[in-house]
Amino acid sequence: MFFNDTIVAQITPYGKSAVGIIRVSGVLSSLVSLKILKIIPKPKIATYLSFFDLSNNIIDKGIALWFPGPNSFTGEDVLELQTHGSPILLNLLIDIITSIKNIRIARKGEFSERAFLNKKIDLIQAEAINDLINSRSEIELKCSLKSLHGFFSKYIKNIIQKIIVFRSEIEVRIDFFENEEEYFLNLNIEKNIDNIIFSINKIINMSNNSKILKNGIKIVLAGPPNVGKSSIFNKLLFNNRSIVTNIKGTTRDTLHENFSINGVLFELVDTAGIHETDNVIENIGIKRAIKEIKNADYIFFVIDINLNNFIQLQILSKFLSKLLIKKNFLIILNKFDLYNKKKIIKYKIKGIKYIYISTLNNLGIDLIRKFLIKKTKLLINNEANFIVKSRHLNILKSTKNFLLKIKKKWILSRNIELLAEDLFFSQKLLNEIYGSVTSKKIISYIFSNFCIGK
Ligand SMILES: Nc1nc2c(ncn2[C@@H]2O[C@H](COP(=O)(O)OP(=O)(O)OP(=O)(O)O)[C@@H](O)[C@H]2O)c(=O)[nH]1
Ligand SMILES: [Mg+2]
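Conventions and cut-offs
- Residues numbered from 1 in each chain as written.
- Chains lettered and ligands numbered in written order.
- Predicted model: local features only at pLDDT ≥ 70, side-chain atom pairs only at ≥ 80, totals over all residues.
- Heavy atoms only, no water.
- Helix = DSSP H or I, 4+ residues; strand = E, 2+ residues; numbered from the N terminus.
- Buried < 20%, exposed > 50% of the residue type's maximum accessible area, 1.4 Å probe, protein only.
- Contact = heavy atoms within 4.5 Å.
- Areas by Shrake-Rupley, 256 points an atom, 1.4 Å probe, with all protein chains shown as cover.
- Phe/Tyr/Trp six-rings, centres within 6.5 Å; stacked < 30°, edge-to-face > 60°.
- Lys NZ or Arg CZ within 6 Å of the ring centre and 35° of its normal.
- Donors = N, O, S within 2.8 Å, 3.2 Å for Na, K, Ca; no water.
- Patch = residues over 30% accessible without salt bridge, like charges linked within 9 Å, V, L, I, M, F, W, Y side chains within 5 Å.
- Salt bridge = Lys/Arg side-chain N within 4 Å of Asp/Glu carboxyl O.
- Pairing = 2+ DSSP bridges.
- Near = heavy atom within 4 Å.
- Polar contact = N/O pair within 3.5 Å; in protein donor to acceptor, adjacent residues only side chain to side chain.
- Nonpolar A, V, L, I, M, F, W, Y, C, P; charged D, E, K, R; others polar.
- Axes fitted to C-alpha atoms, helices over the stretch in contact; angles between N-to-C directions.

Draft legend 1. Fine view of the overall build of the chain. Within the chain, the secondary structure is distributed over 16 helices and twelve strands. A buried classification covers 49% of the 454 residues belonging to the chain. Across the chain, every contact between residues at least 6 apart in sequence was considered, and the portion connecting residues at least 24 apart equals 67%. A total accessible area of about 23,800 Å² is found for the chain, and carbon and sulfur atoms account for 56% of it.

As structure tokens, then:
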């Protein structure tokens, strides 16, 4: 695709740094090179050169890289200038470059957008570049790299290929057989549609992990007041982040902190103790705690092992019957240091994992960590780890629903030509994931979320 205007932007972060890089892309890149460097450097070779201003004064010396199109990131002629990282120098260079007619500052994500429009990368890869830059954990970074290298695209391509093969079998029959009965001979239409839906469902199910891979595993510490939730919070963070006192209802607001184990991000949330109270502030805190519990991936329900009181058990059973029914949770029995054998409490509940600890003696904290490490291993060892973005998920779901409709229509009408047409449409729907038929508006929206210079 040809663009009249050439674009320029600083591609390193703003502010002082050892080196700053400016990228120019477009038809006028060679003119920029002649103006600033007085030559066009050899392609793809780092060349140490003087940089000149418009009055031919040397303003700096640095490295220039010349990538003639189409063998560049954007597919256009690209010039990259590496200078000392002075914001004034970098601004001066950009001013010189933009003083040339038809050269302007690049919009957010415009280099990647041009790479996409010039078919250097597909939309999945463009999105993966952005995800990679914004990754908050090692596992998210690895997933983005996989998508960038076409791992996710391969899954989608396989489904599209299945539709193409199925369609061509149908079309051969339409073209060559006159007798209607022969149309369907050896062609198990419903089974074929089911098979495509099955492959789509497989990816939809994989997306369940996407939220965790991207945002981390959310663990909420919940339970009655004064049982040691904040103490556990602090121990797991190695930081006295949350206030601990022997007064019931110390924690009121929710506290959120991130940490990572084995490259997997965790979000740990400390909450207000749940109990009956007339205190207005505490009640707001309890409401917030319940909201966090509902959004948790794991709930660590903390109990004081020494309190054989009815309320603790009541709260726990309320949890079991209502909130936690579909949640993963672990019961942590704290204050084991005060444990009195005569007061043994039967907290054992079938199918629920529980751990005895004492934050005072540092006992059992390692067991909680082991529990978390186990969770990370389950994630890391999953070969099919990738992040299914909501845009991809929406397309997959609408293609699946469309295929279900196609199947129904076929059963009712037995119209093979209509079936071929519908299958072609479902193929087009899936292609939107790559952006080959995606509307300009959606594409601009996707790239507008990128950072400047990308
Ligand atoms: N003996 C003993 N005391 C503990 C232990 N863990 C916490 N405590 C004490 O129990 C009291 C309450 O601890 P917190 O961590 O504030 O309890 P919490 O569940 O966050 O309480 P709220 O914020 O009020 O809901 C503090 O005095 C802690 O020092 C433990 O393992 N053994
Ligand atoms: Mg607390």
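What follows picks up the thread again.
Draft legend 2. Spotlight on the packing of aromatic side chains. Within the structure shown, the criterion is met by eight aromatic pairs. Pairing phenylalanine 402 with phenylalanine 425 gives two aromatic rings, centres 5.1 Å apart and planes at 65°, and the pair type is edge-to-face. Here phenylalanine 402 is found in helix 14 (residues 390–413), whereas its partner phenylalanine 425 is found in helix 15 (residues 416–431), with 23 residues between them in sequence. Its relative accessible area of 42% is what places phenylalanine 425 among the partly exposed residues. Put simply, the rings of Tyr298, Phe300 and Phe371 touch in pairs and so form one group of aromatic residues. Residue placement shows arginine 23 over the ring face of phenylalanine 111; its charged tip is 5.1 Å from the ring centre. Above the plane of the ring of phenylalanine 371 lies lysine 375, whose end atom (NZ or CZ) is 4.8 Å from the centre.

Draft legend 3. How the structure looks around the coordination of the magnesium ion (ligand 2). Note on the magnesium ion (ligand 2): its protein donors are Ser230 (OG) and Thr251 (OG1). The metal-donor distances range over 2.0 Å. Here serine 230, found in helix 10 (residues 229–237), pairs with threonine 251, found in the loop between helix 10 and strand 8 (255–261); they are 21 residues apart in sequence, far enough to count as distant. For serine 230, a relative accessible area of 9% translates into the label buried. On the basis of relative accessibility, which here comes to 10%, the residue threonine 251 falls in the buried class.

Draft legend 4. Representation of a nonpolar patch on the surface in the model. On the surface, a nonpolar cluster with roughly 290 Å² of combined accessible area is contributed by Val280, Ile281 and Ile284. Within the fold, valine 280 resides in helix 11 (residues 280–294).

Draft legend 5. Quick peek at the pairing of strand 10 (residues 298–304). Of all seven residues in strand 10, seven are buried, a share of seventy percent or more. Burial along strand 10 is two-sided: the residues Tyr298, Phe300, Val302 and Asp304 and Ile299, Phe301 and Ile303 are all buried. Taken together, the seven bridges between strand 10 and strand 11 (residues 328–334) define a ladder with parallel strand orientation. Within strand 11, the residue paired with aspartate 304 across the bridge is asparagine 334.

Draft legend 6. Just the site of ligand 1, in detail. Lys229, Ser231, Gly249, Asp337 and Thr359 are the nearest of the 23 residues found near ligand 1. Between an oxygen atom of ligand 1 and a side-chain N or O atom of serine 230, the distance comes to 2.8 Å. A distance of 2.9 Å separates an oxygen atom of ligand 1 from a polar atom in the side chain of threonine 251. At three residues, helix 10 tops the list of elements feeding residues into the shell around ligand 1. Residues belonging to the shell around ligand 1 are distributed by class as follows: six nonpolar, 13 polar and four charged.

Draft legend 7. Representation of the sheet that holds strand 10 in the model. Taken in spatial order, the six strands line up as 8-9-7-10-11-12 in an open sheet, and their pairing is mixed. Looking along the sheet, the strands with just one partner apiece sit at the ends: strand 8 and strand 12 (353–356). Direction aside, neighbouring strands of the sheet carry axes that sit 25° apart on average. Relative to the sheet, helix 10 contacts strand 7 (217–222), strand 8, strand 9 (264–270), strand 10 and strand 11, its axis offset from that of strand 9 by approximately 155°.

Draft legend 8. Inspection of the pairing of strand 7 at higher detail. Burial analysis of strand 7 places six of its six residues in the buried class, the great majority of the element. Of the two faces of strand 7, the one holding Ile217, Ile219 and Leu221 and the one holding Lys218, Val220 and Ala222 are both buried throughout. Relative to strand 10, strand 7 runs parallel, the two sharing four bridges. Directly across from valine 220, in strand 10, lies its bridge partner isoleucine 299.

By themselves, these observations are geometric and do not establish any function.
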